[in-house]
Amino acid sequence: MSYTSRIKQAEKHAGKGDGTVHIEIERCFDRDIEDEYAVHRARQILGIRSTDGRTETIYVVGPEIDAKYQDMTSEQAKAIMNGK
């Protein structure tokens, strides 16, 4: 199993805790965030959680980037997670 696959498996099985969620707000106007946001949306579509299972990140992006990834299919999400 590749390193990436092991990380994905760990992320899928994470989440054993007391149910509290730590929310992080990521403001993305001062740097190029599109690739990172694409991975974030792909993980949401595929149901992959963060490694600790308790951290939720909210990305604040412009309307163009948000619209581009809003209707992502699971096939597109898998392509992004596999490095396109």
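Residues numbered from 1 in each chain as written. Predicted model: local features only at pLDDT ≥ 70, side-chain atom pairs only at ≥ 80, totals over all residues. Heavy atoms only, no water.

A. Representation of the packing of helix α2 (residues 34-46) against helix α3 (residues 63-70) in the model. Viewed as axis vectors pointing N to C, α2 and α3 meet at an angle of 35 degrees, and their least axial separation amounts to 10 Å. Considering the relative orientation of α2 and α3, their crossing is right-handed. For the pair α2 and α3, the contacting residues are Glu34, Tyr37, Ala38 and Arg41 in the first and Ile65, Asp66, Lys68, Tyr69 and Gln70 in the second. Taken together, the residues of the contact of α2 with α3 break down into 4 nonpolar, 1 polar and 4 charged. (Axes fitted to C-alpha atoms, helices over the stretch in contact; angles between N-to-C directions. Helix = DSSP H or I, 4+ residues; strand = E, 2+ residues; numbered from the N terminus. Left-handed = near helix turned anticlockwise from the far one by under 90°. Contact = heavy atoms within 4.5 Å. Nonpolar A, V, L, I, M, F, W, Y, C, P; charged D, E, K, R; others polar.)

B. Quick look at the packing of aromatic side chains. Applying the stated criterion across every chain yields a total of 2 aromatic pairs. Measuring from ring centre to ring centre gives 6.0 Å for Tyr37 and Tyr59, while their planes differ by 80 degrees; the resulting arrangement is edge-to-face. Separated by 22 residues along the polypeptide, Tyr37 in helix α2 and Tyr59 in strand β2 (residues 55-60) bring together distant segments of the chain. A relative accessible area of 17% places Tyr59 in the buried class. Among the aromatic side chains, those forming a connected cluster through ring pairs are Tyr37, Tyr59 and Tyr69. (Phe/Tyr/Trp six-rings, centres within 6.5 Å; stacked < 30°, edge-to-face > 60°. Buried < 20%, exposed > 50% of the residue type's maximum accessible area, 1.4 Å probe, protein only.)

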